[in-house]
Structure formats: C-alpha cells, structure tokens
Amino acid sequence: MTRPRILAPHISLPATVRNNDYYRQHYPKLVADSENSALSTVWTPDNSHELTHFERAMTAYVTDPFRGTVHRHTLAPDETIRTHEIAAATAALADGAIAPDQVDLLISVSMWPDQLGFGNGLWLAEQLGLRCAAWNLETAQSGGLAALQAAHAFTASGLHKTVLVVVSCSYSRAVPESSTFAWFLGDAAAAAVVTTEFGNRAGGELLSAAAINTVESQHEFIATPTDTPYGPNLELTPSTARGSTLRKYTDYHLSSVIDQAANRAGYQLSDIDFFVFSTPVAWFTDFTTQLLSIDPAKTINTYPQYANIGPALPLVNLHEALNAGHIQPGAIVLIATIGSVSSAAASLLRWN
C-alpha cells in the first residue's frame, strides 16, 4: 500500500492587520504602563534562578512593551473564522484535484470555534459538500500537528484513504483588544490533505512521531465564559502562575518530543535538513536553535508577520517554508509544537 503523505498546505488570513502603532494610538495608557500588564507578567524572565534556554532567549525582548510582536492579522467584526477555514480547505482540495466525495474524514481544529460548545467540523463539512465523518480535535497550540498525526495513523492503517485537516486560530475572539495579552495574538486558518491516493503529488511522508502532555502548565491560563460583541465565547486570560511553568518546562517538553521522534526514525538532529517549529513568541526561533544547537538557516520564523496563531502555526510555517524554497525534494523535515495546558508534539517527514 502507498504510504500516506501530507500534501502541501494552504492558508487563509484575515485582511485586517494590526501593527503596534494601532495600539499606541488607541490604547496609549496601556502602552505607557505596559510593564504592569498581563503580557509582561507572563513574558518576563525570573531572575531568582538560573535562566532556562527559553528565558535567556526572551531577555532580548523584555524592553519592548510588545515583546517583539510586529503584525497581527485579526478578524473583522463581520467575519467568522469558518470563512477562512473554508477558503484554506477549498484551496487544499483544489490543489490536490480532490473531489468532496473522495474525502473519507474531516478533522477540524478550531481555537476557538465560531460557536461556544461545538467545534466547527460539522459546519465545515456542510459547506464543503462532504458526507464523511467530521470530527473536532483539541489540544490547544499542538492541535494542528496532533491532527496531522491522527490523519497519518488513520490512513496508514487503511481505515481511511484521504483525510482533510482544517486548523484555525481566532484569538481575537478570545481576548479583547483592550487587553495587553492580545498584543502577541493573531488569527489564521490552514488546511492540508493526508492521503494514500494521488501518489504522484509532492508531499511529506511520515517517518516517525512523538507526543507528550504538558501537565506542568495546566494552571497557566484560564478560559472563562463571557459575552462578547460576537456572541457567547470563552475569554482567555493568564493565571496567577504568570508564565512560571512555561518558562521552566518549555526546554524539557520540546527537547523530549524532538528526541523521541528523531530516535524512533533512527536519525540524529544533524541528519535533519529543515526544522518547522511553531513560533508562538518572538524569540522562539532563537530559543530552539540555541537549545538544539542547530543552524538558524535550517528553520523559519513567521512571528514578525503573523504573531501567535496557535494551532495553525505548524501548517502556516510549513506552507511558508515550502513557498520560500527552503524544503527541497528528499529533505528530512522535523515539525515540532508545544502548547500550554495541552501537549507537545513532533513529527519527522521525508518530503518527496
């Protein structure tokens, strides 16, 4: 049987872009008092102990009230994140010349979905004309990579031939822009097909995968039901832990899953041609290259363009790396993500 592969992902972004001048103009008092804000309490190194790799990389950004954020795409008042999920999914199917009746399963990852209580999967299936099962998966920032790993497992087992993965992040609906916490968050959607069919298409063949939970960070963030201008939703706020476990355990969580994925495939880090990390903060590429002692030229940083787009990051960053020509045929590619209150994951691919 043909081994499953990920076909090239497609992305869709809201047209509205907020730069830092927007917040300086609309929230000057918040900017002036930013060091007492929610954002700074989470992203400030703890100098009471020896700094972790994560904290050392962070220190270059602590004098910036925006912590290195430059641009964020945000939904307009009349937009839903499903609009962008459908656009990305439609493009992914069209690129693979895949008809709706050839999709055996839809896996939807929405953080958050457009309606409180139910994921976007069913509505996506309806609007895309799919009759297959439509499942919703959640593991916060690692949701996008977890969905790809699940899709690979289903297709490798023969249970399904073609799985559509649709991932989105709509942080602007979960954090009001009047909170400094919104300054490093953005919105985006992405989609990819994992299939054992269409063997002549270029794509990533899974060599190995790993995942662990990040239970140590379970108290870092709070999701509270609230009424918003767009309807009932969950508001995301940092807890009194103030990022302490993120700063302490990110080194361990990320290196653990990367080592597991590489070892299971019989590879060393030096054998890997390109690294696609989720980049939820401005210093994440600096952090990962220092932690793993890898060449910065072998990875990509989309944070300046998109900020933190949650579970959409691995597919968006893979899309950007492919479009920039960083991933050549035959390349060994490692994708790695980490999420608080969720999991960390890594997948090793050969791009054929």
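Residues numbered from 1 in each chain as written. Predicted model: local features only at pLDDT ≥ 70, side-chain atom pairs only at ≥ 80, totals over all residues. Heavy atoms only, no water.

Taking an unreviewed UniProt entry as the reference, the protein is identified by name as 3-oxoacyl-ACP synthase belonging to Mycobacterium decipiens.

1. Topic: the packing of helix α8 (residues 244-264) against helix α9 (residues 284-292)
Two numbers describe a pair of packed helices, the interaxial angle and the distance between the axes. Close contact between α8 and α9 brings their axes to 11 Å; oriented N to C, the two are set at 65°. The element α8 and its partner α9 pack so that their crossing is right-handed. Across the interface between the two elements, T250, D251, L254, S255 and I258 from α8 touch F284, F287, T288, L291 and L292 from α9. Tallied by class, residues from the contact of α8 with α9 come to 6 nonpolar, 3 polar and 1 charged. (Axes fitted to C-alpha atoms, helices over the stretch in contact; angles between N-to-C directions. Helix = DSSP H or I, 4+ residues; strand = E, 2+ residues; numbered from the N terminus. Left-handed = near helix turned anticlockwise from the far one by under 90°. Contact = heavy atoms within 4.5 Å. Nonpolar A, V, L, I, M, F, W, Y, C, P; charged D, E, K, R; others polar.)

2. Examining the nonpolar core
Within soluble globular proteins, side chains that are nonpolar generally end up buried alongside one another. Of all hydrophobic cores here, the largest spans 52 residues; its most connected members are W43 and I258. The dominant element in this core, judged by the number of residues it contributes, is α8, at 5 residues. In this view, W43 contacts F54, M58, V62, R67, F184, L246, V281 and W283; residues no more than four positions away in its chain are not counted. Residues V167, I300, L313 and L318 belong to the second largest nonpolar core, which totals 34 residues. (Core = buried A, V, L, I, M, F, W, Y, C linked by side-chain atoms within 4.5 Å. Buried < 20%, exposed > 50% of the residue type's maximum accessible area, 1.4 Å probe, protein only.)

3. Re the packing of helix α5 (residues 81-95) against helix α6 (residues 121-128)
Where α5 contacts α6, the axes come no closer than 10 Å and their chain directions differ by 50°. By the angle between their directions, the pair α5 and α6 is classed as oblique. Judged by the sense of rotation from one axis to the other, the crossing of α5 with α6 is right-handed. Of the residues in α6, those touching α5 at R82, E85, I86, A89 and T90 are W123, L124, Q127 and L128. Its residues placed into classes, the contact of α5 with α6 shows 5 nonpolar, 2 polar and 2 charged. (Parallel < 35°, antiparallel > 145°, perpendicular 65-115°, else oblique.)

4. So, the packing of aromatic side chains
Following the criterion strictly, the structure yields 16 aromatic pairs and no others. With a centroid separation of 5.7 Å and 40° between ring planes, the pair formed by F181 and F221 is classed as tilted. Here F181, found in the loop between β7 (162-170) and β8 (187-195), pairs with F221, found in strand β10 (residues 221-228); they are 40 residues apart in sequence, far enough to count as distant. With respect to burial, F181 and F221 carry one shared label: buried. Note on F284 and F287: the rings are 5.3 Å apart at their centroids and 70° apart in plane angle, and the pair reads as edge-to-face. In this pair, F284 and F287 both sit in helix α9, 3 residues apart, roughly one turn of the helix. Comparing F284 with F287, the two get one shared label, buried. Taken together, the aromatic side chains of W43, F54, Y61, F181, F184, F221, W283, F284 and F287 make up a single cluster linked through ring pairs. The ring centre of Y230 lies 3.6 Å from the NZ or CZ of R173, which sits over that ring. (Phe/Tyr/Trp six-rings, centres within 6.5 Å; stacked < 30°, edge-to-face > 60°. Lys NZ or Arg CZ within 6 Å of the ring centre and 35° of its normal.)

5. Quick notes on the environment of N352
Note on placement: N352 falls in the segment after β14 (343-351). In this structure N352 touches R5, A202, G203, E205 and G330, once residues within four positions along its chain are discounted.

6. Let's talk about the pattern of salt bridges
Counting across every chain of the model gives 8 salt bridges. In this structure, D95 engages R201 in a salt bridge whose closest nitrogen and oxygen atoms are separated by 3.6 Å. Of this pair, D95 sits in helix α5 while R201 is found in the loop between β8 and β9 (203-213), placing the two residues 106 residues apart along the sequence. A relative accessible area of 34% places D95 in the partly exposed class. Classification of R201 by relative accessible area gives partly exposed; the value is 28%. Taking the shortest distance from any N to any O, the salt bridge between E205 and R350 comes out at 4.0 Å. Note that E205 is positioned in strand β9 and R350 in strand β14, a separation of 145 residues in sequence. (Salt bridge = Lys/Arg side-chain N within 4 Å of Asp/Glu carboxyl O.)

7. Remarks on the layout of surface pockets
The volume enclosed by the largest pocket comes to roughly 580 Å³. Lining of the largest pocket is provided by 38 residues; of these, M111, A140, Q141, Y171 and S340 occupy positions nearest its centre. Where the lining of the largest pocket is concerned, the elements lending two or more residues are β5 (105-111), β10 and α8. The element that contributes the greatest number of residues to the lining of the largest pocket is α8, accounting for 5 residues. (1 Å grid on protein atoms, 1.4 Å probe; cavity = no way out; pocket = protein on both sides within 12 Å on 5 of 7 lines; lining within 4 Å. Points joined across faces, edges and corners; volume = space filled by probe spheres on them.)

8. What to know about empty space enclosed by the protein
A complete count under the given rule lists 1 cavity of 30 Å³ or more for this structure. What the largest cavity holds in volume is close to 30 Å³. Taken together, V109, S110, M111, L137, E138, T139, A140 and P311 make up the lining of the largest cavity. The residue inventory of the lining of the largest cavity, partitioned by class, reads 5 nonpolar, 2 polar and 1 charged.

9. Comments concerning α8
An ideal rise of 1.5 Å per residue puts 30 Å on 21 residues; α8 measures up with 31 Å between its terminal C-alpha atoms. Considering bend angle alone, the principal kink of α8 is centred on T250 and spans about 45°. Once α8 ends, the next one or two residues include G266, with phi positive near 75°. (Expected span 1.5 Å × (residues − 1). Bend = angle between axes of the 7 residues up to and from the residue.)

10. Regarding the side chain of R67
Looking at the secondary structure, you find R67 in the loop between α4 (53-58) and β4 (71-74). A residue is classified by how much of its surface remains accessible, and R67, at 1% relative accessible area, is buried. Among the polar contacts listed, one links the side chain of R67 to the side chain of T44, at a separation of 3.0 Å. From its side chain, R67 meets the backbone oxygen of V62 in a polar contact 3.2 Å long. If sequence neighbours within four positions are ignored, R67 has contacts with E35, L39, S40, W43, T44, Y61, V62, A282 and W283. (Polar contact = N/O pair within 3.5 Å; in protein donor to acceptor, adjacent residues only side chain to side chain.)

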